[in-house]
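Overview (structure and organization)
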Amino acid sequence: MPELASSSSSNAGKRKTRVYDVFLSFRGEDTRNNFTDHLYTALSSAGIRTFRDSEGLGKGEDIAASLMRAIQESRFYLVVFSDKYADSKWCLNELMLIMNCRDRTAIKGGLQEVVIPIFYHVDPSDVRRQTGSFGAAFQKHGVTYLASYWRAALQRAASLSGWDVKTDQSEAENIRKIVDDISRRLKNIYLHVTVHPVGIDSRLRDISNSIGVGQDDDVRMVGIWGMGGSGKTTLAKAIYNKYYHSFEGQSFLANVRETANQSNGIINLQERLLSDILTPTKVEVVDVDRGIMVIQQRLKSKKVLVIVDDVDEVDQLYGLAIRHDSFGLGSRIIITTRDRHLLEIIKVDAIHLTQEMKKQEALELFSWHAFHNPHPDVGFLKVSTKVCTYCGGLPLAIEVIGSLLFRSTVRQYKDTLHKLEECPNDKIQKILRISFDALDRNQKAIFLHISCFFTGMDQNYVKKILEGCGLFAEKDINVLFQRCLVIVNEKNKLMMHDLLRNMGREVVRAESYEDPEERSRLWCQKEVINVLTEESGTKKIEGLALNLQRANKKSFRTKAITMMQKLKLLQLNYVKLTGDYDRVSKQLRWLCWQGLSLKFIGNDFLYQGNLVSMDLRYSNLVQIWEHPRLLGKLKILNLSHSHYLTQSPDISKLPNLKYFIMKDCRSLSEIHPSIGDAKRLAVVNLKDCQMVKDLPTSFYKLKFLETLVLSGCSRFENLVEDIGDMTSLTTLAVSGTAISQVPSYMGRLKNLNFSSVQGLVLLKLLFPEVPKNHFPVQDYTSLRYVNMDSRSVHNLPELSGLSFLERPHFNNHTNLPASGDLPTRSKELESDHYTALAIIPNSSKLSGNRILQGWAASGDGGICLPANDFPELFAYVRESDQVFFQVPQYIGPNLKDFTVCVLCSSSFDEDISPSGIAIFVTNYTKLIMLAVRPTHLNEITSQEVIWWVNLSKKEFNVEGDDFVEVEVVIGSGLRVKKTGVSLAWDPKLINENTTECVPIPHEYLKRDVDKEAGPSYVSSDEDRPSKRLRSVMQKQPLSPQNTSSTETQGHKQNPQSSQRFCFPSKGRYL
């Protein structure tokens, strides 16, 4: 199967090493010498690696640091809640760290740790609600800043599924059940995902929210949809491995399509589903109908995880009783398929489309297969990148071709690429062709037409052309989309994966490998030129495309195409034909003749009664035709970039014309009055026709016109009042025209879309003398978003009047307005190509934990703003995602709060999920960890952003000499470039002559433990010292060589300060 991967090798290097299977958290005074001791012995005897402090800590190790490591390196947490558990602050801190560690892994998208509570002689409700002995314990602790965090950790942990050990029950029997449960969970029931899991983690994070394990008790069905070889099965296996332990029963039904086609295939699948979940019971099924009933009866009350892989018929799902009411509450059903339609039929709750691998992921996966390393060998980077480009981010292709090229030379790489262009790999073709073979005859014809001629064309145009060919394009193009054979991009163009396009072309090539003229479609330039030169065309040819460039014009006789009497699709870009046109096929539906050398089209060519689309862009036409002839089926006429046309053609004989496009016709000064006769016109595009000054009166009679584009018509001044009667108009583009006012009658156009209204808003802003009641929107002050481009707006207008404006966007502007000129309700300032953060120092906007109140504020999650560097006020800065520092002792009592600032670069080819990024702040001295997440990060549109978060001293209880680590955990779509921390304190209470400080390099974090510190075990929880981490600086001064360039650049070291860390008095960079 195809492979995906952890997003990068660097990410893979950060994965946790599981040193322990189980971490035991308990109150030593209550259970160390009885229940916990027996449980530990039983777990160890079962071969389960278990940590408890007396055994897990080596002599001389620092207790706080070692416990932190043990928690992070464990798979399961068994928390033994006993009568005096909450009496111990140590236990409460330990529990808080366990729950935070579990949350951190969830954000990273890894295999989440499992917390299992054991209620030893206590009522679970007392733990959840902090009543009984737990309530009494909190009364003893009194008022403390940590109380709310302890309560939250207890409530969350006690709400998880666990074990209730009552006083009248056998402890030995309960311990046996607990050990059996852990053993079962640790059994090797993981599915093998892939040898090289590149990209898996990010894709797992993306789909986790849709699956929602543990969020709700509903039954949820999620579809994974994508083309063959895109990694659907690989992702499904990763989902199974991550979540299987959260369910009573699990079943992974692989290769359903193949199995279902075998004798008794559905019955075999039913039996496998039942046996997997009801193990060790083996269930036999007599027939499909009874099997459905058995599944519904036996599994209706069970919380299960079922994955149905590679489904291609809805009857396969019906036979397995895949529906919401067949399984117990909390169940999750995952279905992988190439066909979106069957997911819609069974009404799944969410559909997840597999994405192509990013360039870096593709290169890494290819390198693992071709070089057995995460990167190409020296000298192979360029050719490896070309191979990955050919594969188009398809994991299957990357894996197959990478293995094929193992131990090959650069020359062999080039030869293989050339061969693949001519003859695609059979293994890849076999997988891709499965979807094609499942199509009906009409759908196959449409797929082959698109793969040979129409990739990259507007889907509306393609549908019109194919419908003219007698094909059911509207319905069947949707079928191709449902089966991941075509996609429609954001510009409404039909697109197709390169390997799918090559597969379609290979199907046509197989019609006759030796004689191209015997095929139904010709597109290969070399073959087409040979056929036209030799004039060897036949009646079998239905489509021919020759797409030359202006510099490579060629000339042929018209006789070369007259033998192709079934020709329907013809493209002859920059081709000159000599001879008579009267014998050209009358079956033509599509004529694309860009660069046409004729001055006008003769009457002998106009007997094309079946023609649907005529594309004559970049022509030399001075006049289209002298005498128009009836072209009753013509719907698309494109004359764009025909620079010699002075008047638009007479289109009175084109009754069904819908799209009339004349962009950049520089000499065009007059629109023919016959345009009013084309009653069915929906689109008129005159963009950049600079000589056009107005439209004929007849134009305004077009009641069905939906789109009028006048952008760039720099001499166009007025729209007459009758435009108010064109009620079908939804798009009106007028930027770059000479229109200087918004006529009042524009208000009658109630259907104008957002972008059109925005363009009119800019007119109003630029020409404020126009009365407000002349503006088509009744109350333009209610506008919430406006986009101002410096290409059309050179001086920024007054915006304070737009009181509801939330998201102003300034593109390519250097003179942004002062923050005081901006509406107070605005939440975000979006700006491309803008680096100065001049509005940040506006201290009047600061309030408590919120910065720039009224601008991009995201509450407790801080703010996000476009920027390419920090302001100069951060003391501890590292070019990484981690900063580790010690709070100076003299600042501690006077500290107010501290600020964390993160500089990120974003990738626009990925959605940025706020749930996939967090800042974890850990106080190692006090064993406290907090997490902060943004709330509006997904709305940032700049390539570089800073995320700015304030944390109060009260919230985190930071004191002098505390060791603090700040770590930024990110998901897909972002990369951390720099992290900084700034401390805020009362300067009146601190000596201004204090020495400056440097941050502790993070690489010392795991080495800065005093190996000679005290005993590894003490007799009671309360006797455990809250030992602080000791800096390596106490043994070795931190010289410039010990710090990163960012930390020392421009910073003069004070030799007398090498034994302590101090805060810079002037806030300079370190």
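Rules and cut-offs
- Residues numbered from 1 in each chain as written.
- Predicted model: local features only at pLDDT ≥ 70, side-chain atom pairs only at ≥ 80, totals over all residues.
- Heavy atoms only, no water.
- Helix = DSSP H or I, 4+ residues; strand = E, 2+ residues; numbered from the N terminus.
- Patch = residues over 30% accessible without salt bridge, like charges linked within 9 Å, V, L, I, M, F, W, Y side chains within 5 Å.
- Areas by Shrake-Rupley, 256 points an atom, 1.4 Å probe, with all protein chains shown as cover.
- Salt bridge = Lys/Arg side-chain N within 4 Å of Asp/Glu carboxyl O.
- Lys, Arg positive; Asp, Glu negative; His and termini not counted.
- Charge placed at Lys NZ, Arg CZ, Asp CG, Glu CD.
- Buried < 20%, exposed > 50% of the residue type's maximum accessible area, 1.4 Å probe, protein only.
- Pairing = 2+ DSSP bridges.
- Axes fitted to C-alpha atoms, helices over the stretch in contact; angles between N-to-C directions.
- Contact = heavy atoms within 4.5 Å.
- Expected span 1.5 Å × (residues − 1).
- Arc of directions from axis to C-beta.

Per an unreviewed UniProt entry, the chain goes by TIR domain-containing protein and derives from Rubus argutus.

The subject of this paragraph is the environment of G28. As for its position among the elements, G28 is in helix α2 (residues 28–31). Along the backbone, G28 and S88 are 60 residues apart, and their C-alpha atoms lie at a distance of 9.6 Å.

As a further point, take a positive patch on the surface. A cluster of basic residues, K491, K493, K663 and K687, forms a positive patch on the protein surface. Here K663 falls in the partly exposed class, since its relative accessible area comes to 31%.

With that out of the way, let us pick up the pattern of salt bridges. Where charged atoms from two side chains of opposite charge come close, those side chains can pair. Overall, the coordinates contain 28 salt bridges when judged by the stated rule. A salt bridge links R52 to D37; the shortest N-O distance between them is 3.1 Å. Of this pair, R52 sits in the loop between β2 (50–51) and α4 (53–56) while D37 sits in helix α3 (residues 35–45), and the two are 15 residues apart along the sequence. By relative accessible area, which is 26% here, D37 ends up partly exposed. The salt bridge involving E527 is made with R519; its shortest N-O contact spans 2.9 Å.

Turning next to the sheet that holds strand β6 (residues 220–225). Taking strand neighbours across the sheet as the criterion, the five strands line up as β7-β8-β9-β6-β10 in an open arrangement whose pairing is parallel. The outermost strands of the open sheet, each flanked by one partner alone, are β7 (249–253) and β10 (350–353). Shown here is a sheet whose adjacent strand axes are inclined to one another by a mean of 15°, direction ignored. With five bridges connecting them, strand β8 (residues 304–311) and strand β9 (residues 332–337) associate as parallel partners. Paired with L305 across the strands is R332, a residue of β9. Strands β7 and β8 of the sheet are contacted by helix α14 (residues 265–278), whose axis makes an angle of about 150° with β7.

It is worth spelling out unusual backbone geometry at this point. Phi is positive for N264, which is not a glycine, with a value near 55°. With respect to the element layout, N264 can be found in the loop between α13 (256–260) and α14. Positive phi, normally seen in glycine, also occurs at E535, with a value near 50°. Its place among the elements puts E535 in the loop between α27 (525–534) and β14 (543–547). For E535, a relative accessible area of 22% puts it in the partly exposed group.

With that settled, the discussion passes to the environment of A362. The topology assignment puts A362 in helix α18 (residues 359–371). Excluding anything up to four places from it in sequence, A362 contacts M357, C388 and I398.

Along its 16 residues, helix α10 (residues 171–186) runs 22 Å from first to last C-alpha, staying within 8% of the 22 Å computed at 1.5 Å per residue. When we look at burial in α10, the residues that qualify are N174, I175, I178, V179, D181, I182 and R185. Buried residues of α10, seen end-on, are gathered within an arc of 155° and therefore sit on one face of the element. Buried residues in α10 make contact with β1 (20–25), α3, β3 (74–81), β4 (114–120) and β5 (163–165).

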